[in-house]
Amino acid sequence: MIRSLCFLPDQEPRTDIPVKEYAELLANPQALLWIDFDGEPDASAEPILTGIFRFHPLAVDDALEETHTPKVDDWGDYIYLVLNAMTFSAADGLELTTRELDIFLGKNYVVTHHDEPLGFIEKARTLFFRDRRYTSHGPDHLLYKLIDDLVTEYMPMVEAIDDQIDRVEDEVLTKAAPDTLERIFTLKRIILSMRRILGPQREVLNKLARDDFEVIDPHDRVFFRDIYDHLVRMHDVNESMRD
């Protein structure tokens, strides 16, 4: 599914824009275009990414493969980012699920690509459509809000894992159940998996906050610095939980 939003000054936001109009809107410097590929087959997504947006084939291959750790690549007139969403479930065993989010940021557009639905993406679409404050400061500010919402969803997950650790500690000190050791090793693997995402993702935000990217306004770097600070604290919490 391809979902689209377009914002133009003094006009109502447009949605469900035909693909044939993308090129015209990209040529309009006043337009802000957000295209979201939500589980779209590679066969239909690839021609749009390479043909209309003219992204480098290597960057497009990275986005479609869905096998990368967080990173940011500078392609001059656009940047390509890989980020990871995480969800934790204790309903049927302990499980950490990660989902990759690929983002292209240009001078007047944001393109997102993910294989499975992401809750914060849907929330952002609703918010951006209703409140012009989130889209009146350019695509880099839209990117900031997307990443901020992604990272905000980490905190309930961290608290849930910490709660599971407290329960295991209580069991060890009182009466350990037969599966206590198994849960300890499962929690250890989950925390290590989180660490492998939080570390690189922290460095991505550090680059967005400090490096001189053509498509990011220097005045907006402070927003990415704020997210970076959140990730630093979460990384420290993760280290504490691992201990």
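Reference entry: report on the structure contained in this document.

Cut-offs applied
Residues numbered from 1 in each chain as written. Predicted model: local features only at pLDDT ≥ 70, side-chain atom pairs only at ≥ 80, totals over all residues. Heavy atoms only, no water. Buried < 20%, exposed > 50% of the residue type's maximum accessible area, 1.4 Å probe, protein only. Helix = DSSP H or I, 4+ residues; strand = E, 2+ residues; numbered from the N terminus. Contact = heavy atoms within 4.5 Å. Pairing = 2+ DSSP bridges. Phe/Tyr/Trp six-rings, centres within 6.5 Å; stacked < 30°, edge-to-face > 60°.

For helix α3 (residues 57-65), every residue scored as buried is listed here: Ala59, Val60, Asp62, Ala63 and Leu64. Check the buried side of α3 and you find it contacts α2 (42-52), β4 (71-74), β5 (79-89), β6 (95-105) and β7 (109-114).

Where β5 and β6 come together, eleven bridges link them in antiparallel fashion. Across the sheet, Ile79 pairs through a bridge with Leu105, a residue of β6. Relative to β7, β6 runs antiparallel, the two being bridged by four bridges. Bridge pairing in β7 links Asp102 to His113. Between the antiparallel neighbours β6 and β7 lie three residues.

Turning next to the packing of aromatic side chains. Taken as a whole, this structure holds eleven aromatic pairs when the rule is applied. Ring centres of Tyr144 and Phe223 lie 5.0 Å apart, and the angle between their planes is 40°; this geometry places the pair in the tilted category. Placement of Tyr144 in helix α5 (residues 139-152) and of Phe223 in helix α8 (residues 221-242) is noted, with a sequence separation of 79 residues between them. Look at Phe223 and you get partly exposed, because its relative accessible area is 29%.

Quick look at the pairing of strand β3 (residues 32-38) now. Most of β3 is tucked away: seven of the seven residues are buried. Of the two faces of β3, the one holding Leu32, Trp34, Asp36 and Asp38 and the one holding Leu33, Ile35 and Phe37 are both buried throughout. As judged from the six bridges shared by strand β1 (residues 2-7) and β3, these two strands associate in the antiparallel manner. The partner of Arg3 across the bridge, within β3, is Asp36. Judged from the six bridges that link them, β3 and β7 form a sheet pairing that is parallel. Within β7, the position partnered with Ile35 by the bridge is Val111.

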